[in-house]
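# Coordinates in review
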Amino acid sequence: MSNVISSRLIVLGSGPAGYTAAIYAARAGLNPIVVQGIQPGGQLTTTTDVENYPGFRSVIQGPWLMEEMQAQAEHVGTKVVWDHISEVDLSRRPFVLKGDSGGEYHADALVIATGAQAKWLGLPSEEHMKGKGASACATCDGFFYRGKKVAVIGGGNTAVEEALYLTNHSHDVTVIHRRDSLRAEKILQDRLFAHPNIKIIWDSEVAEFVAGGMPDALVGLDVRNVKSGAITRLDVDGAFVAIGHTPATELFQGKLKLDSEGYILVETSTTRTSVPGVFACGDVMDKIYRQAVTAAGTGCMAALDAEKFLAAEEFGALQAAE
């Protein structure tokens, strides 16, 4: 084997969950390795203003926050490598991970923090307006639209929850849905329909995110009726795409227990997965909160769970040797 790297603990993923796990693991003397993956720093590297991460009274930049987390992890003893893991063997320990670089990684314990990606509509105008009025997280960005008109695109639980949340900031929330009925749970629908500040545009999809001003900012949406084809302009300052997330778990299908949406299942109140020695944290196992601070919290949990697992394994081995 040309390039084998061994470690007591390997962390896959380099967002808030992965770096926090690495920080705690390094401080526990586990000498962790972080494999950054295809998006070093995770989703926060595509986020500009961050105003809800504890400890900063002023707005901070997402990429800067992730640079600081990486620097802190390295400062306490983490080795960070850039590679993309394309194959894993969790059937035996040490676990074996193979990277696109040709490297092979062996780990006594594994923390998975590969995250999840928000689903987008795929429109060129949407891509252009990301960070300029188009968002995929009302909890993250709703605060910036206080007193402004906003729209939510989608019809499931996420869309309804985000629309209800946005009423804390906006008096004018419009839900745009492709069908003539919502897919959300009935109790959420009842709350939505009863709210005086929420309107619904049925049987419709967004055809265009409309930019205006200098510099560019979202000023409206061109909305197409899927039955008639007619297009109308909806004036809004913010548009929240809420059509779901895709967890980065393709690598673990058939190797770990996943739920029906592909998220890694963990034991209640822990980060332990279905394979002893493998732990999951952040958005790859959390489809409810999906915040940087909650991801960091579960990263801490994963490191503590991994340290306890490795300590128990070592104690068992010593007992057997006596």
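The structure this text deals with has already been given above.
Residues numbered from 1 in each chain as written. Predicted model: local features only at pLDDT ≥ 70, side-chain atom pairs only at ≥ 80, totals over all residues. Heavy atoms only, no water.

The next subject is the packing of aromatic side chains. Evaluated as defined, the whole model comprises six aromatic pairs. Seen from their ring centres, Tyr145 and Phe240 are 5.6 Å apart, and the 85 degrees between their planes marks the pair as edge-to-face. Residue Tyr145 is located in the loop between α4 (138-141) and β11 (149-153), and its partner Phe240 is located in strand β17 (residues 238-241); the two are separated by 95 residues in the primary sequence. The burial state of Tyr145 is the same as that of Phe240; both residues are buried. Between Phe279 and Phe309 the ring centres are 6.1 Å apart and the planes differ by 70 degrees, which places this aromatic pair in the edge-to-face class. Of the two residues, Phe279 sits in strand β19 (residues 278-280) while Phe309 sits in helix α7 (residues 292-321), which places them 30 residues apart along the sequence. Residue Phe279 is classed as buried on the basis of its relative accessible area of 1%. Judged by its relative accessible area of 16%, Phe309 is buried. Three or more aromatic residues joined by ring pairs form one cluster here, namely Tyr53, Phe56 and Trp64. (Phe/Tyr/Trp six-rings, centres within 6.5 Å; stacked < 30°, edge-to-face > 60°. Helix = DSSP H or I, 4+ residues; strand = E, 2+ residues; numbered from the N terminus. Buried < 20%, exposed > 50% of the residue type's maximum accessible area, 1.4 Å probe, protein only.)

Take the sheet that holds strand β15 (residues 217-225) next. Read across the sheet, three strands follow the order β14-β15-β16 without closing on themselves; strand pairing throughout is antiparallel. A single partner strand is all that each edge strand has here, and the edge strands are β14 (204-212) and β16 (231-235). Direction aside, the axes of adjacent strands within the sheet are offset by 30 degrees on average. Where β14 meets β15, eight bridges bridge the pair, whose relative direction is antiparallel. Across the sheet, residue Glu205 finds its bridge partner in β15, namely Arg224. (Pairing = 2+ DSSP bridges. Axes fitted to C-alpha atoms, helices over the stretch in contact; angles between N-to-C directions.)

This next bit is on the side chain of Asp141. Structurally, Asp141 can be placed in helix α4. Buried and unpaired, Asp141 has no salt bridge, with Arg146 as the nearest side chain of opposite charge at 11 Å. Setting aside residues no more than four positions away along its own chain, Asp141 makes contact with Ser135 and Phe240. (Lys, Arg positive; Asp, Glu negative; His and termini not counted. Salt bridge = Lys/Arg side-chain N within 4 Å of Asp/Glu carboxyl O. Contact = heavy atoms within 4.5 Å.)

Moving on, we come to the nonpolar core. Formed by 31 residues in total, the largest nonpolar core has its most connected members in Leu9, Tyr19, Tyr53, Val111 and Phe279. Listed by contribution, the elements that provide at least two residues to this core are β1 (4-12), α1 (16-27), α2 (62-75), β8 (104-112) and α7. For this core, the leading source of residues is α7, giving seven residues. Listed in part, the 23 residues of the second largest apolar core include Val81, Leu110, Ile264 and Ala280. (Core = buried A, V, L, I, M, F, W, Y, C linked by side-chain atoms within 4.5 Å.)

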